[in-house]
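# Structure assessment
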Amino acid sequence: QAPLVESGGGSVQPGGSLRLSCVASGYTDSSSCVGWFRQAPGKEREGVAGIDSDGSIRYAESMKGRFTISKANAKTFLYLQMNSLKPEDTAEYYCAAGRWICGLRVDYRAYWGQGTQVTVSS
């Protein structure tokens with residue numbers, strides 16, 4: 001497995017959209033869980049959306065209906081389409097991979113990217 005690299009973050013107005021991307025160069029374990037997590041200043045890191053080893057998709061309740069996780073090339077590429085963004089979505093967003101984060105669990109034994117900043121404000 002290779003390091004994870006996120007991109008696509010930026011500043012957007014409330015109600016706007018962003019699409020985040022994550023690439024794991026050389027990543028070949030398609031059975032591993034992958035997901036997106038976020039952390040706002042002063043708060044704990046939390047799960048956003050994930051794809052488990054069986055292909056099932058999980059979303060945090062606050063993101064359900066607004067965010068969509070998808071993958072390409074056997075999970076080598078991971079995406080997060082974020083619509084109807086709210087100020088409370090402002091956070092550093094991270095992609096992660098490995099069995100440790102199955103079920104959107106935050107576990108630093110998994111592979112984590114450096115993060116990409118998402119800011120939602122008027």
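Structural data are supplied above this passage.
The rules behind each value
Residues numbered from 1 in each chain as written. Predicted model: local features only at pLDDT ≥ 70, side-chain atom pairs only at ≥ 80, totals over all residues. Heavy atoms only, no water. Helix = DSSP H or I, 4+ residues; strand = E, 2+ residues; numbered from the N terminus. Rg over C-alpha atoms; globule rule 2.2 N^0.38 Å. Buried < 20%, exposed > 50% of the residue type's maximum accessible area, 1.4 Å probe, protein only. Disulfide = S-S within 2.5 Å.

What follows covers the overall build of the protein chain. Regarding its fold elements, the protein chain presents zero helices and 11 strands. For a compact globule of 122 residues, the expected C-alpha radius of gyration is about 14 Å, and the protein chain comes in at 13 Å, within 12% of that figure. A principal-axis box enclosing the C-alpha atoms of the protein chain has dimensions of 40 × 25 × 25 Å. Counting only residues that meet the buried cut, the protein chain has 47% of its 122 residues in that class.

Taken as a whole and assessed by the stated rule, the structure comprises two disulfides. The disulfide bridge from Cys 22 ends at Cys 95, spanning 2.0 Å between sulfur atoms. Taking the torsion about the sulfur-sulfur bond, which here is approximately 60 degrees, the covalent link between Cys 22 and Cys 95 counts as right-handed. With Cys 22 in strand β3 (residues 18-24) and Cys 95 in strand β9 (residues 91-97), this pair connects stretches of sequence that are 73 residues apart. Look at Cys 95 and you get buried, because its relative accessible area is 0%. Each bonded cysteine of the protein chain is numbered by sequence order, and under that numbering the disulfide pairs are 1-3, 2-4.

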